[in-house]
Amino acid sequence: MAKVVTYFTARGKSIVAFAQPKLSTAWRYAKAEMGPPSIKDLPEVQAGFNKLIVAARTQQWKKLTVKEAWLNTLIGAEIAFWFFAGECIGKGSVIGYNIPGAVNFDIHF
């Protein structure tokens, strides 16, 4: 029994030693990328929207490479996925909203 405890303790320490630098790097990126935009980021966001509008007016989308178009498609699909996932989480089910009094399934004669 002591051998088993010693073995799993040593394996646990080696797993923690291996994973700790990778998790700290992932945490650092997560804090930077997944946080909401701050006030100082708003001019950059506005410039990005203006650039997008100008590109749409001048039809710059025709000059995209296949790789850029594919990446834009994947980003759009990811945004749609997270929107629908948020809707399902928000309403508490996959199918429809449960509005009390809105649906009456009783049989009336």
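Since this is a predicted model, take the numbers as computed values, not measurements. (Residues numbered from 1 in each chain as written. Predicted model: local features only at pLDDT ≥ 70, side-chain atom pairs only at ≥ 80, totals over all residues. Heavy atoms only, no water.)

## Re the packing of aromatic side chains
- The final tally for this structure, using the stated rule, is three aromatic pairs.
- Pairing Tyr 7 with Phe 8 gives two aromatic rings, centres 5.3 Å apart and planes at 75°, and the pair type is edge-to-face.
- Relative accessible area serves as the criterion here: at 55%, Phe 8 is assigned to the exposed category.
- For the ring pair Phe 83 and Phe 84, a centre distance of 5.3 Å and an interplane angle of 70° mean the geometry is edge-to-face.
- Lying across the ring of Tyr 29, Arg 28 places its NZ or CZ 5.5 Å from the centre. (Phe/Tyr/Trp six-rings, centres within 6.5 Å; stacked < 30°, edge-to-face > 60°. Buried < 20%, exposed > 50% of the residue type's maximum accessible area, 1.4 Å probe, protein only. Lys NZ or Arg CZ within 6 Å of the ring centre and 35° of its normal.)

## Side note on a nonpolar patch on the surface
- On the surface, Met 1, Val 4, Val 5, Tyr 7 and Phe 8 cluster together to form a nonpolar patch covering roughly 590 Å² of accessible area.
- Topologically, Phe 8 is positioned in helix 1 (residues 2–33). (Patch = residues over 30% accessible without salt bridge, like charges linked within 9 Å, V, L, I, M, F, W, Y side chains within 5 Å. Areas by Shrake-Rupley, 256 points an atom, 1.4 Å probe, with all protein chains shown as cover. Salt bridge = Lys/Arg side-chain N within 4 Å of Asp/Glu carboxyl O. Helix = DSSP H or I, 4+ residues; strand = E, 2+ residues; numbered from the N terminus.)

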